[in-house]
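Coordinate inspection notes
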Amino acid sequence: MNISYNWLKNYLDFDLSPEQVSKILTDTGLEVEGVEKVQAIKGGLEGVVIGEVLTKEKHPDADRLNVTTVNLGNGEPVQIVCGAPNVDVGQKVPVATVGATLYPSPDEEFKIKKSKIRGVESNGMICAEDELGLGKDHDGIMVLDPAAQPGTAAAQYFKLEDDYLIEIGLTPNRADAMGHIGVARDLKAYLNVHEDKKLEIKLPDTSYKKGNFKCLPIEVQNQEKCPRYAGMLIKNVTIKESPKWLKDKLGVIGLTPINNVVDITNFVLHETGNPLHAFDADVVGDKVVVRTATKGEKFTTLDEVDRTLDSEDLMIANASDSMCIGGVFGGLKSGVSEKTTSIFLEAAYFNPVSVRKTAKRHGLNTDASFRFERGVDPNNVLFALERAASLICELAGGECSEIEDIYPNKIENFTVDFSYNRCNMLIGKEIPKDTVNAILKNLDIEIIEENGDQAKLSVPPYRVDVQREADIVEEVLRIYGFNNVEIPSKMTSSLSFSEEIDEEKVVNTISDMLVSNGFLEIMNNSLTSSAYIEKSATEKLSGDQNVVMLNPLSQDLDVMRQSLIFNGLETIAYNQNRQNPDLKLFEFGKTYKKSEGKYFENKRLALFITGSMETESWNTSTEKVTFADIQGFLNLILDKLGINKNIQYNALSNDLKEDGLSIHIANKEIGNIGWINKKDLKNFSIKSKVYAIDLDWDVLLSLLKMNKVKFKELPKTQSVRRDFSLLLDEKVKFAEIREIAFKNEKRILRDVGLFDVYEGKNLDKGKKSYAVNFIFQDDEKTLQDKQVDKIMEAIRGDLESKLGAVLR
């Protein structure tokens, strides 16, 4: 948010430099991100002085040029060739001397040089209004007051005053500081407390000319979305260019002047923090209606975009048509134009949540929505309206009706119970009660009752972020000064032995291991898009379980993530679109969900591999990653944690993975492993297969206590491996193959693994090929081929009969 240093001084008497003001504002919680000097006219008219025309003669070789001599007040007169038709002897004129740089417009630079014009030497330029950047007139040179003194600097004569733009990084909770008066209020509180001043905010004049007519009738049909709506009819106005002081004020903070009425509404918005809107009264007609839109209703906004409205959008309408999206953006046809002679002036308090949802729904971010969605002062509506009416009467003429104010349910002050002792405890320093009370008073927080350590406080509605005792303590601390709370010179602590698991150390251990195996760590935003779950093939994740943001930053960041998988797919898509297809990624992060009215937070570890195992090179293979590869990384993790034992694998269903296994240790599900289904890959435009592991890190940490180091004798016998290449229906899951295998043999069958998957060319539609390995071992004796072959034949028979498998 932009604040003008000179503008700020209109409301508070202080003699601080812009840098000092910036430091105080930052210390009090309004962080200043930059201070920039703003010249009233670019270049500051440096090198331009007042001159007096002493002589004028026709140019010998040009009928339209005159040769003049000009007194610049510094000795010998200078000769200047001038083409203006109105130049004459005795005039006082602005002269750009040799070496001066003029800026007719901010992007146009013109340097004055000693030159010859048609053979006659010229040492400067007598300037027109537009050449100095003071206006648009180019009919002739500027002729100044005869009393002007030659040699006077033009900047001094025209009373140009430099300003400073103070850029504040306004946090969403500081709705009270969305205007110059609000910022001045914080500055006043600091100076009164720390420098023992007795400053008060100087509020501007709000008197206006009243006419003998009534305001248009106002009907508010939705009090929830519009708790307060006020309006005034102003007749006989003249729409024209704003005066220089108003254009300068708006220009400093980066606004482009439009006309006097529109500029006044923008000025009052940045002065008070309360947005206003001016309608052409002829368009409004006989009545103003505040209502919600009809679903599917079409409306054209000021930017000439046709928008389709939602039934939740609040509209300002006349008896038949919509005129404005309430609190967000005006309509194309209802605004003030050069032909306007009467206006309906609106000031209101709209529901912040309603405004924010509407603004985000239509992708709009205006000065008005920025303020309404954070919460403006509902009790400052009339002041802002009267202030604008006063300026309109002054700058556009006209006379005003009485104000029509619809405010059936007044928004009262917040009441907060406060303890001085708790305040000191939370701050970490004892602050005198008188100082605390002075801070509260300067922040417009009223002490209703005070009884020893306890007090009951009344907080004005414009402080939407101050509703608890802790909020009051924060207000006291930010004005008292964070830097004034000393760091204690002595710290007292007690050491105790604990066998608790060092989670950070475990995380670093696993991270180091994965990085050493070629993985890259990714860190994604916990905020994500609700559309991912809506479009996903999974039934395990539900939109009903989303933790929804009340005021989302955008439609793409409207919920907290329920899974790390979508973030990983985002990262893979981003890299593959930039010709980086071979990826091994991992992320430690939290997921969030809501169930039965309660909120749950879970830390997880996700791994992703896709593309080739090795970076393409002349001496490496380009084999694609397989399920066996991702399973190998799972074993590495479990081995490193010391819990790679008594593992059970079950079928995986309704998950983001097309096929895979859920992993269980000690009857606890620790996560799952598999490859992402085709629909979700398509949603992210990913063409290659992605294998993933999704582990519940909280459960894994709880299992670390099982990690007891025990000696186990190495087996004396060799293991035996057998492979099957199976043609299967695409609906068959790998877990079903494992289950059939272990039903046939439990004693010597140690593991069943999937080391290749093929789908596509040369296979019938609806079919896929799995390459499965079976590991056998007997700790007591060497296995015979006949014994293993018999078990494999039994497994093959069951696979054919129960799953329709065909041995390839």
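Residues numbered from 1 in each chain as written. Predicted model: local features only at pLDDT ≥ 70, side-chain atom pairs only at ≥ 80, totals over all residues. Heavy atoms only, no water.

Right, let's get into the overall build of the protein chain. Across its full length, the protein chain carries 22 helices and 41 strands. Radius of gyration (C-alpha) of the protein chain: 38 Å, far over the 28 Å computed for a compact globule of 808 residues. For the protein chain, the spread of C-alpha atoms along the principal axes amounts to about 125 × 85 × 70 Å. Partitioning the intrachain contacts of the protein chain with sequence separation of at least 6 by distance along the chain shows that 70% fall at a separation of at least 24. A total accessible area of about 41,200 Å² is found for the protein chain, and carbon and sulfur atoms account for 46% of it. Taking the average location of the 101 positive side-chain charges in the protein chain and that of its 126 negative ones, the two points are 6 Å from each other. (Helix = DSSP H or I, 4+ residues; strand = E, 2+ residues; numbered from the N terminus. Rg over C-alpha atoms; globule rule 2.2 N^0.38 Å. Contact = heavy atoms within 4.5 Å. Areas by Shrake-Rupley, 256 points an atom, 1.4 Å probe, with all protein chains shown as cover. Lys, Arg positive; Asp, Glu negative; His and termini not counted. Charge placed at Lys NZ, Arg CZ, Asp CG, Glu CD.)

The next subject is the packing of helix α5 (residues 180-194) against helix α14 (residues 469-480). Taken N-terminus to C-terminus, the directions of α5 and α14 make an angle of 65°; their axes are 9 Å apart at the nearest point. Of the possible angle classes, the one that applies to α5 and α14 is roughly perpendicular. In contact with Asp186, Ala189, Tyr190, Val193 and His194 of α5, α14 contributes Arg478, Ile479 and Tyr480. Split into classes, the residues belonging to the contact of α5 with α14 amount to five nonpolar, one polar and two charged. (Axes fitted to C-alpha atoms, helices over the stretch in contact; angles between N-to-C directions. Parallel < 35°, antiparallel > 145°, perpendicular 65-115°, else oblique. Nonpolar A, V, L, I, M, F, W, Y, C, P; charged D, E, K, R; others polar.)

Moving on to the sheet that holds strand β21 (residues 329-330). What the five strands build is an open sheet, ordered β13-β16-β19-β20-β21; its pairing is mixed. Each edge of the open sheet is held by one strand with a lone partner, namely β13 (218-220) and β21. In this sheet, β21 lies alongside strand β20 (residues 322-325) in antiparallel orientation, the contact comprising two bridges. Of the residues in β21, the one forming a bridge with cysteine 324 is glycine 330. (Pairing = 2+ DSSP bridges.)

A few words now on unusual backbone geometry. Unusually for a residue other than glycine, lysine 159 sits at a positive phi of about 55°. Among the secondary structure elements, lysine 159 is positioned in the loop between α4 (154-157) and β12 (163-168). You can call lysine 159 exposed: its relative accessible area is 73%. Although it is not a glycine, glutamate 596 adopts a positive phi angle of roughly 55°. Inspection of the secondary structure assignment puts glutamate 596 in the loop between β32 (583-595) and β33 (598-610). Judged by relative accessible area, which is 80%, glutamate 596 ranks as exposed. (Buried < 20%, exposed > 50% of the residue type's maximum accessible area, 1.4 Å probe, protein only.)

Moving on: the pairing of strand β7 (residues 101-105). Where β7 meets strand β8 (residues 108-111), three bridges bridge the pair, whose relative direction is antiparallel. Following the sheet pairing, serine 105 is matched in β8 by glutamate 108. Taken together, β7 and the strand that follows it, β8, pair antiparallel across an intervening segment of two residues.

With their axes 10 Å apart at the nearest point, helix α2 (residues 18-27) and α5 run at an angle of 90° to one another. Taken together, the axis directions place α2 and α5 in an arrangement best described as roughly perpendicular. Along the contact surface, α2 presents Val21, Ile24 and Leu25, while α5 presents Val183, Leu187, Tyr190 and Leu191. Taken together, the residues of the contact of α2 with α5 break down into seven nonpolar, no polar and no charged.

This part is about the pattern of salt bridges. This model, assessed by the stated rule, comprises 46 salt bridges. In this structure, lysine 678 and glutamate 759 form a salt bridge, with 3.6 Å as the shortest nitrogen-oxygen distance. Note that lysine 678 is positioned in helix α19 (residues 678-683) and glutamate 759 in the loop between β39 (749-758) and β40 (767-776), a separation of 81 residues in sequence. Taking the relative accessible area as the measure of exposure, glutamate 759 reaches 23% and is therefore partly exposed. One salt bridge in this structure joins glutamate 739 and lysine 743, with 3.5 Å as the shortest N-O distance. In this pair, glutamate 739 and lysine 743 both sit in helix α21 (residues 734-744), four residues apart, roughly one turn of the helix. Classification of glutamate 739 by relative accessible area gives partly exposed; the value is 46%. Taking the relative accessible area as the measure of exposure, lysine 743 reaches 58% and is therefore exposed. Salt bridges sharing common partners tie together Arg174, Asp176, Asp186, Arg463, Asp465, Glu475 and Arg478. (Salt bridge = Lys/Arg side-chain N within 4 Å of Asp/Glu carboxyl O.)

Side chains that are nonpolar tend, in soluble globular proteins, to be buried together. In terms of nonpolar packing, the biggest core is built from 99 residues, with Ile168 and Tyr229 touching the most fellow members. Here the element with the most residues in this core is helix α11 (residues 381-396); it accounts for 11 residues. Excluding residues that lie within four positions of it along the chain, isoleucine 168 makes contacts with Met1, Ile3, Leu25, Leu30, Glu31, Val32 and Val183. In this structure, Phe724, Phe734, Phe776 and Leu783 belong to the second largest nonpolar core, which totals 63 residues. (Core = buried A, V, L, I, M, F, W, Y, C linked by side-chain atoms within 4.5 Å.)

Where strand β26 (residues 446-451) lies against strand β27 (residues 454-459), five bridges are found, and the strand directions are antiparallel. Along β27, the bridge assignment pairs isoleucine 447 with leucine 457. In this antiparallel pair of consecutive strands, β26 and β27, the connection spans two residues, and glycine 452 shows a positive phi of 65°.

Residues spaced three or four apart along an α-helix face the same direction, because each turn holds 3.6 residues. Here α5 is 15 residues long and its end C-alpha atoms lie 21 Å apart, about the 21 Å a rise of 1.5 Å per residue gives. In terms of burial, α5 is a largely internal element, 13 of the 15 residues being buried. Count one or two residues on from α5 and you reach aspartate 196, which has phi positive near 55°. (Expected span 1.5 Å × (residues − 1).)

Attention shifts here to the sheet that holds strand β29 (residues 527-528). Reading across the sheet, the three strands line up as β29-β31-β30 and stay open at both edges, with antiparallel pairing between neighbours. Sheet topology places β29 and β30 (547-548) at the edges, where each strand pairs with a single neighbour. Bridge analysis of β30 against strand β31 (residues 559-560) gives two bridges, and the strand direction is antiparallel. Among the inter-strand pairings, valine 547 is bridged to a residue of β31, identified as methionine 560.

In this description, a pair of aromatic rings is defined by centroid distance and the angle of the planes. On inspection of all chains with the given rule, the structure shows 19 aromatic pairs. A ring pair is formed by phenylalanine 418 and tyrosine 420, whose centres lie 5.2 Å apart and whose planes are at 75°; its orientation type is edge-to-face. Residue phenylalanine 418 shares its accessibility class with tyrosine 420, and that shared class is buried. Considering the side-chain rings of phenylalanine 588 and tryptophan 697, the 4.9 Å spacing of their centres and the 80° angle between planes classify their relative orientation as edge-to-face. Taken together, the residues phenylalanine 588 in strand β32 and tryptophan 697 in helix α20 (residues 697-703) connect sequence positions 109 residues apart. Comparing phenylalanine 588 with tryptophan 697, the two get one shared label, buried. By way of ring pairs, the aromatic residues Phe627, Trp675, Tyr691, Phe734 and Tyr770 are connected into one cluster. Taking the ring centre of phenylalanine 14 as reference, the NZ or CZ of lysine 9 above it sits at 5.8 Å. When the ring centre of phenylalanine 213 is taken as reference, the NZ or CZ atom of lysine 235 above it lies at 4.6 Å. (Phe/Tyr/Trp six-rings, centres within 6.5 Å; stacked < 30°, edge-to-face > 60°. Lys NZ or Arg CZ within 6 Å of the ring centre and 35° of its normal.)

Right, let's talk about the environment of threonine 509 for a bit. For threonine 509, the position within the fold is in helix α15 (residues 503-516). Between the C-alpha atom of threonine 509 and that of aspartate 729, which follows or precedes it by 220 residues, the distance is 41 Å.

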